[in-house]
2 protein chains.
Amino acid sequence: LKNVTIGVFDSGLGGLTVLKELLLKLPLHNYIYLGDTARLPYGSKSPDTIKRYLDQSIVFLKSKNVDAIVVACNSASSVIQNDINYGLPIFGVIDPSAKVAVENSFNERVAIIATRTTVKQKSYVKSIQKLNPLISIYQQACPLLVPLVEEGLIDDPITNLILYRYINPLLQVKPDCLILGCTHYPLLLNPIRKVVGNELLIISSAESVIKDVEKNFPTPKLSNQDKIKTPQIYMTDESYMFENIYKTLFPEKEVPAVEIVNFL
Amino acid sequence: LKNVTIGVFDSGLGGLTVLKELLLKLPLHNYIYLGDTARLPYGSKSPDTIKRYLDQSIVFLKSKNVDAIVVACNSASSVIQNDINYGLPIFGVIDPSAKVAVENSFNERVAIIATRTTVKQKSYVKSIQKLNPLISIYQQACPLLVPLVEEGLIDDPITNLILYRYINPLLQVKPDCLILGCTHYPLLLNPIRKVVGNELLIISSAESVIKDVEKNFPTPKLSNQDKIKTPQIYMTDESYMFENIYKTLFPEKEVPAVEIVNFL
């Protein structure tokens, strides 16, 4: 049991849903968040471009002396290369969610919503079929959800309409669970629940990745939630939605200062 | 009258609406298009970041020996600095549209839809009030329109709904005209017409900037449209929507090859 410093990286603000789970479940570690808001969104960009952006972000976080990095972005997680030695542990969000899905897929049917790049890369398909090749996987790219979240349209009829259009065809195959394959999507959990009903298991990468981190960096549980440390926040550009989204996630915490960095 | 090479720069594909007007109205020039698809969209990024991206793009286009650059992106046009010598003529899209609006504003009320950055920078407000300080200007930021266009949802009830929500409040002030303050928006002309009706003058930056270019680089009119040259297209990342949008704009032309460049 020892406290370490963990870097949390995302293309923008979606990774804050992962940071929230980390702060709640492993609160004694220190956290440094980096959002690449100057180049977001990643979900419609090519794997080569995302790979370049990820490498630059790892270099930046290493310069801040982190002990490990959580890549809290599905598009970026899908380009992590297992055969490369990054010089420190890198945790992606795809494999942990895939594992939870496989463990809960009793009829061998898994549905996934994700960005266009994650769908096209078949990241979840590969990860799930490595664990159980018999599982049928139904993917839906949802390119409008990230802009809706980044605009704060979380409780809005337009969002409901768009979610219904994306998700309803997936429900027709009667999946065992639905993977939220983008770290922005947990912010839409309520409207997504409206579309899928209360029965379907929803798997959020924010929750799944925690177990991986905990296994490698166990810490004592914290008794007093008030003692949660304030994370250090870096962004590559100003983000007018940061305060809004941070308050949605941490209604009782003070909004930390954001330091703008330009490592390009 | 002499033929020159003109660079056309945009954050992504929206600038193709400007390229189309240039090819139709000044077809004897050569055109080199650069879309910064690796970092789009610009409309939600800060002026400092956009300024850095614009500078890099100008350096790239100069290396291709262009004689002038049309900045076919409102967010990037709003950070062009008049006191800097870029070493070649730079045409932005804001002042030309502002001029057309002032000339047509008989009741001194102008409405503008644009990205969040363009609205926040007050680029049109400043440009219009320099020409006529008595004009009242009503701006509406429309951050979801670029993702809708980039996703090809041009003829879609969701787009109609979102347009109605953005534009209807502007109509209450009975403006003389509506400036489309983003080069993506001309692709939404039909659904915008449905919201505003047939009477309102719609000003597109694509059409307005041509006059500025023509004044500086006059060319003979072309009699045979078939002879329109194929533009050279560079993008900073693959773009799965390029073919689709190019065909919408140029239904009878062959889709040119796209060269991916990485000047970052």
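Residues numbered from 1 in each chain as written. Chains lettered and ligands numbered in written order. Predicted model: local features only at pLDDT ≥ 70, side-chain atom pairs only at ≥ 80, totals over all residues. Heavy atoms only, no water.

Q: What am I meant to see in the packing of aromatic side chains here?
A: The description of an aromatic ring pair uses the distance of the two centres, along with the angle that the planes make with each other. All told, the structure shown has 12 aromatic pairs over all chains when counted by the stated rule. With a centroid separation of 6.2 Å and 55° between ring planes, the pair formed by phenylalanine 9 of chain B and tyrosine 42 of chain B is classed as tilted. Residue phenylalanine 9 of chain B is located in strand E1 (residues 5-10), and its partner tyrosine 42 of chain B is located in the loop between strand E2 (30-35) and helix H2 (47-63); the two are separated by 33 residues in the primary sequence. With respect to burial, phenylalanine 9 of chain B and tyrosine 42 of chain B carry one shared label: buried. Across the ring face of tyrosine 53 of chain A, the terminal group of arginine 39 of chain A is positioned such that the distance to the ring centre comes to 3.7 Å. (Phe/Tyr/Trp six-rings, centres within 6.5 Å; stacked < 30°, edge-to-face > 60°. Helix = DSSP H or I, 4+ residues; strand = E, 2+ residues; numbered from the N terminus. Buried < 20%, exposed > 50% of the residue type's maximum accessible area, 1.4 Å probe, protein only. Lys NZ or Arg CZ within 6 Å of the ring centre and 35° of its normal.)

Q: Even after reading the chapter, I still don't get the relation of the copies chain A and chain B, so can you show me in this structure?
A: Each of the two chain copies goes to the other by way of a rotation about an axis and a shift along it. Rotating chain A by 180° and moving it 0.0 Å along the rotation axis overlays it on chain B with an RMSD of 0.0 Å. Read as a symmetry element, the transformation amounts to a two-fold axis. No C-alpha of chain A lies nearer the rotation axis than that of arginine 39 of chain A, which sits 2.4 Å from it. When the interface residues of chain A are mapped onto chain B, 100% of them again fall at the interface, so both copies present the same face. (Least-squares fit on C-alpha atoms with pLDDT ≥ 70 in both. Contact = heavy atoms within 4.5 Å.)

Q: So what exactly am I meant to see when it comes to the confidence of the model for chain A here?
A: Detailed reading of predicted coordinates is not advised where the pLDDT is low. For chain A, mean pLDDT is 93; residues scoring 70 or higher make up 97% of the total. Our summary of model confidence lists the complex with pTM equal to 0.89 and ipTM equal to 0.84. (pLDDT = per-residue confidence, 0-100.)

Q: How do you make sense of the sheet that holds strand E8 (residues 201-204) of chain A when you look at a structure like this?
A: Whenever strands of a sheet pair, they do so through backbone hydrogen bonds, lying parallel or antiparallel. Residues and elements named next belong to chain A. Taken in spatial order, the four strands line up as E6-E5-E7-E8 in an open sheet, and their pairing is parallel. The outermost strands of the open sheet, each flanked by one partner alone, are strand E6 (136-141) and E8. Averaged over all pairs of adjacent strands, the angle between strand axes in this sheet comes to 20°, irrespective of strand direction. Across the sheet, helix H6 (residues 123-131) is in contact with strand E5 (109-114), E6 and strand E7 (177-181); its angle to E6 comes to roughly 165°. (Pairing = 2+ DSSP bridges. Axes fitted to C-alpha atoms, helices over the stretch in contact; angles between N-to-C directions.)

Q: Looking at this structure, I do not really get the pairing of strand E3 (residues 68-71) of chain B. What am I missing?
A: All names here are of chain B. The alternating pattern of E3 places Ala68 and Val70 and Ile69 and Val71 on opposite faces, both of which are buried. Of the pairings in the sheet, the one linking E1 to E3 comprises four bridges and is parallel in character. Within E3, the residue paired with valine 8 across the bridge is valine 70. Sheet analysis places E3 next to strand E4 (residues 90-92), joined by three bridges and oriented parallel. Following the sheet pairing, valine 71 is matched in E4 by glycine 92.

Q: Looking at this structure, I do not really get the nonpolar core. What am I missing?
A: Inside soluble globular proteins, nonpolar side chains tend to come together where they are buried. Ranked by internal contacts, the top residues of the largest apolar core, which has 114 residues, are Ile192 of chain A together with Ile192 of chain B. What isoleucine 192 of chain B contacts, discounting residues up to four positions off in sequence, is Ile113, Leu163, Ile167, Leu178, Leu180, Tyr185 and Ile202 of chain B. Val71, Ala76 and Tyr234 of chain A together with Ala38 of chain B belong to the second largest nonpolar core, which has 24 residues in total. (Core = buried A, V, L, I, M, F, W, Y, C linked by side-chain atoms within 4.5 Å.)

Q: Help me understand the pattern of salt bridges, please; the structure alone is not making it clear to me.
A: Taken as a whole and assessed by the stated rule, the structure comprises 12 salt bridges over all chains. As a salt-bridge pair, arginine 39 of chain A and aspartate 36 of chain A come within 2.9 Å of each other at their nearest N and O atoms. Both residues of the pair, arginine 39 of chain A and aspartate 36 of chain A, count as buried. Linking arginine 116 of chain A and glutamate 151 of chain B is a salt bridge whose minimum nitrogen-to-oxygen distance equals 2.2 Å. Of this pair, arginine 116 of chain A sits in helix H5 (residues 116-121) while glutamate 151 of chain B sits in the loop between helix H7 (145-150) and helix H8 (157-171), each in a different chain. Overall, arginine 116 of chain A belongs to the partly exposed group, its relative accessible area being 27%. Under the relative-accessibility criterion, glutamate 151 of chain B is labelled buried at 16%. (Salt bridge = Lys/Arg side-chain N within 4 Å of Asp/Glu carboxyl O.)

Q: Which parts of the structure should I look at to understand the interface of chain A and chain B?
A: Accessible area lost upon the coming together of the parts serves often as the stated size of an interface. Facing the 31 residues of chain A at the interface are 31 residues of chain B. For the pair chain A and chain B, the two sides together bury roughly 2,600 Å², of which 54% comes from carbon and sulfur. Linking chain A with chain B are four salt bridges, by the criterion used here. The interface formed by chain A and chain B contains 14 residue pairs in polar contact (both at pLDDT 80 or more). At the level of secondary structure, the elements contributing two or more residues to the side of chain A that touches chain B comprise helix H2 (47-63), H5, helix H7 (145-150) and helix H8 (157-171) of chain A. When residues of the side of chain A that touches chain B are assigned to their parent elements, the largest contribution, five residues, is made by H8 of chain A. (Buried area = accessible area lost by both parts, 1.4 Å probe. Polar contact = N/O pair within 3.5 Å; in protein donor to acceptor, adjacent residues only side chain to side chain.)

Q: Just checking my understanding: could you explain the side chain of threonine 219 of chain A for this structure?
A: Residue and element names in this part refer to chain A. If you trace the backbone, threonine 219 turns up in the loop between helix H10 (205-216) and strand E9 (232-235). Among the residues examined, threonine 219 registers a relative accessible area of 7% and is labelled buried. For threonine 219, the residues in contact, after removing those within four places along its chain, are Leu1, Lys2, Asn3, Leu26, Leu28 and His29.

Q: Teacher, can you tell me more about H8 of chain B here?
A: For the α-helix, the turn length of 3.6 residues means that residues three or four positions removed from each other point alike. If you check H8 of chain B, its first and last C-alpha atoms are 20 Å apart, about what 15 residues at 1.5 Å a residue would give, namely 21 Å. Of all bends in H8 of chain B, the biggest is about 30°, found at arginine 165 of chain B, and the proline proline 169 of chain B comes one to four residues later. Every buried residue of H8 of chain B is accounted for by Ile158, Thr159, Ile162, Leu163, Tyr166, Ile167 and Leu170 of chain B. Packing partners of the buried residues in H8 of chain B comprise H8 of chain A together with strand E5 (109-114), strand E6 (136-141), H7, strand E7 (177-181) and helix H9 (189-196) of chain B. N-cap assignment for H8 of chain B: the residue whose side-chain oxygen lies 2.9 Å from the backbone N of isoleucine 158 of chain B is aspartate 156 of chain B. (Expected span 1.5 Å × (residues − 1). Bend = angle between axes of the 7 residues up to and from the residue.)

Q: Would you take a moment to explain unusual backbone geometry for this structure?
A: With an omega of -10°, the peptide bond between leucine 40 of chain A and proline 41 of chain A qualifies as cis. Looking at the element boundaries, proline 41 of chain A is found in the loop between strand E2 (30-35) and H2. Although it is not a glycine, lysine 122 of chain A sits at a positive phi angle of roughly 55°. Among the secondary structure elements, lysine 122 of chain A is positioned in the loop between H5 and H6. Backbone geometry at asparagine 65 of chain B places phi at a positive 60°, although glycine is not the residue there.

Q: Which parts of the structure should I look at to understand the sheet that holds E2 of chain A?
A: Residues and elements named next belong to chain A. Read from one edge of the open sheet, six strands run E4-E3-E1-E2-E9-E10, paired in parallel fashion. Where the open sheet ends on each side, the last strands, each with one partner, are strand E4 (90-92) and strand E10 (258-260). Sheet twist, expressed as the average angle between the axes of neighbouring strands with direction ignored, equals 25°. Summarising the sheet, strand E1 (residues 5-10) and E2 pair through six bridges and their orientation is parallel. Opposite glycine 7, over in E2, you have isoleucine 32 as the bridge partner.

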